[in-house]
Amino acid sequence: MRTTVGIIGAGPAGLLLARLLHRAGIDCVVLESRSRAYAEGRQRAGMLEQGTVDTLRACGAGERLDAEGLVHHGIELRFEGERHHVDFPGLTGGRTVTIYAQTEIVKDLISLQLADGPTLLFEAEALAVEKPESGSPVVRFVCGGRERTLACDWVVGCDGGHGIARAAFPAGAGRTYAHDYPYSWLGILADVPPSCEELIYARGAGGFALHSMRSPSVSRFYLQVPNGTDPADWPDERVWDELAARFAVDGDWRLERGPVTAKSVTPMRSRVHEPMRHGRLFLAGDAAHTVPPTGAKGLNLAVSDVRLLARGFAELHRSGSAELLDKYSELALERVWQATRFSYDMTRMLHAQPDGDAFEHRMQLARLRRITVSRPAAAELAANYTGLPLPTAAGPAASRW
């Protein structure tokens, strides 16, 4: 097989890139190691920045998103028994966020690609990227029990942090910056209507809690727990009691309870791989970076990566200029590091630190209080949460935003 752009991984990053390339008239092939059913069933977060929503609409994947997505105009911060609303549109000139599960985005993009898009192969496991420094890299893969090759002009790895794309970088060609947090999230899904209109970020006496939602009848919750926690140690009643305690405020508010349908523990970590390109091999999404979910940046960073890549490939296709592609890693990393910084700040501000003292606790409260009393501080949070713009290729880094 031969194509212009070989894409490894049919998650949101790979599928969206394929869609954007197809609309620009650029041939590509997507290889996904898992089955279609598995790809469409992977449960992930679904808080979409304004730019992510706009991109999905522009590429023809906005119909169900507009019909079923839950538009949010802010978040609620809770601490010391108080509740404070952060008004996104009022602080950002009208920008909002939308809850629409990543699972549904994948379903929408797969449907579009199978209907009129380029080749998408399921159960096609990529084994290696060969000759990425040459003008004709090759992806070896297994499909239908037979080893095959995909000859490409370019390869994009959208296959996650444990995929083969990043492993194709030779020793010394990159560096991974890493930070592990001393706590995890216990997440639950429950068949119960949300007890709030906007997401609640709470800093309670026992630590952090988040109230999110998947639909008008399904709620999503997270609790800060120690690393190594076994979900079996948290029976449903204990979960509900602890959530109620961490969300508690002075006033008339009650947490609705219901049947718990799923329970899992997620470690909290940050990872950034530099650079995001080696020869004709690019990394996008989780293949290049991981952030803790506190700032809701993971999926949105993947989208911003492929938007930059799609612009670069489109410019090369139109004019023959590789200038934008050559700047991809530099530009993508500017936004990646800003999102990593925001996620780190949110995580540190809202979580009880296992090694923290009374001073650390008061500093966290001071940060939260500043957001509630200072419009510039609240506007900074809102700008980052709803999504910073893509950096442009012109000018020094300080002037690109």
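Keep in mind it's a predicted model, so treat the numbers as computed, not measured. Counting starts from 1 at the beginning of each chain's written sequence and moves along it residue by residue. The predicted nature of this model means local features are confined to residues of pLDDT at least 70 and side-chain atom pairs, given and counted, to a pLDDT of 80 or more, with totals for whole chains, interfaces and linings taken over all residues. Excluding hydrogens and water, the side-chain figures rest on all heavy atoms present in the structure.

Engineer: What should I look at first to understand the overall build of the protein in this one?
Structural biologist: Along its length, the protein carries 13 helices and 20 strands. For a compact globule of 401 residues, the expected C-alpha radius of gyration is about 21 Å, and the protein comes in at 22 Å, within 12% of that figure. The buried share of the protein, reckoned over its 401 residues, is 53%. Here, residues are in contact when the closest pair of their heavy atoms is within 4.5 Å. Intrachain contacts of the protein at a sequence separation of at least 6 include 71% that bridge at least 24 residues. To be clear on the numbers: accessible area is Shrake-Rupley with a 1.4 Å probe, and residue cover counts the displayed protein chains and nothing else. Of the accessible surface of the protein, which amounts to about 16700 Å², a share of 50% is contributed by carbon and sulfur atoms. Per the convention used, a helix needs a DSSP run of H or I reaching at least four residues, while a strand needs a run of E reaching at least two, with both numbered from the N terminus. Radius of gyration: C-alpha atoms only; globule rule: 2.2 Å multiplied by the number of residues to the exponent 0.38. Type-normalised accessible area, obtained with a 1.4 Å probe on protein chains alone, sets the label of each residue: buried when under 20%, exposed when over 50%, and partly exposed for intermediate values.

Engineer: Could you clarify how one ought to interpret the sheet that holds strand β1 (residues 5–8) in this entry?
Structural biologist: The strands that make up a sheet are held in pairs by hydrogen bonds between backbone atoms, and each pair lies either parallel or antiparallel. We treat two strands as partners when DSSP finds at least two bridges between them. On the basis of which strands lie adjacent, the open sheet formed by six strands has the order β8-β2-β1-β12-β19-β18 and mixed pairing. Strand pairing shows two members of the sheet lacking a second neighbour, β8 (119–121) and β18 (277–278), which therefore form its edges. Two strands pair when backbone bridges link them, and β1 and strand β2 (residues 28–31) are joined in this way by four bridges, in the parallel orientation. Paired with V5 across the bridge in β2 is C28. Lines fitted to the C-alpha atoms define the axes, with helices restricted to the stretch that makes contact. Angles between their N-to-C directions range from 0 to 180 degrees. This element, helix α9 (residues 298–319), spans β1, β12 (154–157) and β19 (281–283) of the sheet and lies at about 170° to β12.

Engineer: Explanation requested: helix α12 (residues 358–373) in the structure shown.
Structural biologist: Residues spaced three or four apart along an α-helix face the same direction, because each turn holds 3.6 residues. What a helix is expected to span follows from its residue count: subtract one and scale by 1.5 Å. The terminal C-alpha atoms of α12 lie 23 Å apart, and with 16 residues this matches the ideal 22 Å at 1.5 Å per residue to within 8%. Buried within α12 we find E360, Q364, L365, L368 and I371. Along α12, the residues classed as buried sweep out an arc of 140° about the axis, all on the same side. The outward face of α12, more than 90 degrees from its buried face, is lined by the exposed residues A358, F359, R362, R370 and V373. Residues of α12 that are buried make contact with β5 (74–79), β6 (82–87), β14 (199–204), α11 (328–350) and α13 (375–386). Sitting at the head of α12, D357 places a side-chain oxygen 3.1 Å from the backbone nitrogen of F359. By arc we mean the arc of the directions from the helix axis to the C-beta atoms, nothing more. We call two N or O atoms a polar contact when they sit within 3.5 Å, provided that within protein one can donate a hydrogen and the other can accept it, with sequence-adjacent residues counted only if both atoms are side-chain atoms.

Engineer: Would you mind showing me how to read the packing of aromatic side chains here?
Structural biologist: Two aromatic rings, taken as a pair, are described by how far apart their centres are and by the angle between their planes. Ring geometry is summarised as follows: Phe, Tyr and Trp rings, the Trp one being its six-membered ring, pair when their centres sit within 6.5 Å, and such pairs are stacked at plane angles under 30 degrees, edge-to-face over 60 and tilted between the two. All chains considered together, the criterion is met by 15 aromatic pairs. Both rings, one in Y201 and one in Y385, keep their centres 6.1 Å apart while their planes meet at 90°; by these two values the pair is edge-to-face. Placement of Y201 in strand β14 and of Y385 in helix α13 is noted, with a sequence separation of 184 residues between them. Overall, the relative accessible area of 1% leaves Y201 in the buried class. Ring geometry for F342 and Y385: centres 6.5 Å apart, planes at 90°, overall edge-to-face. Here the residue F342 occupies a position in helix α11, and Y385 occupies one in helix α13, the gap between them amounting to 43 residues. Chaining the aromatic ring pairs together yields one cluster made of F88, W185, Y201, F208, Y222, F342 and Y385. When the ring centre of Y38 is taken as reference, the NZ or CZ atom of R34 above it lies at 4.2 Å. Sitting over a ring, as applied to charges here, requires NZ of Lys or CZ of Arg to be within 6 Å of the ring centre and within 35 degrees of the ring normal. Across the ring face of W154, the terminal group of R280 is positioned such that the distance to the ring centre comes to 4.1 Å.

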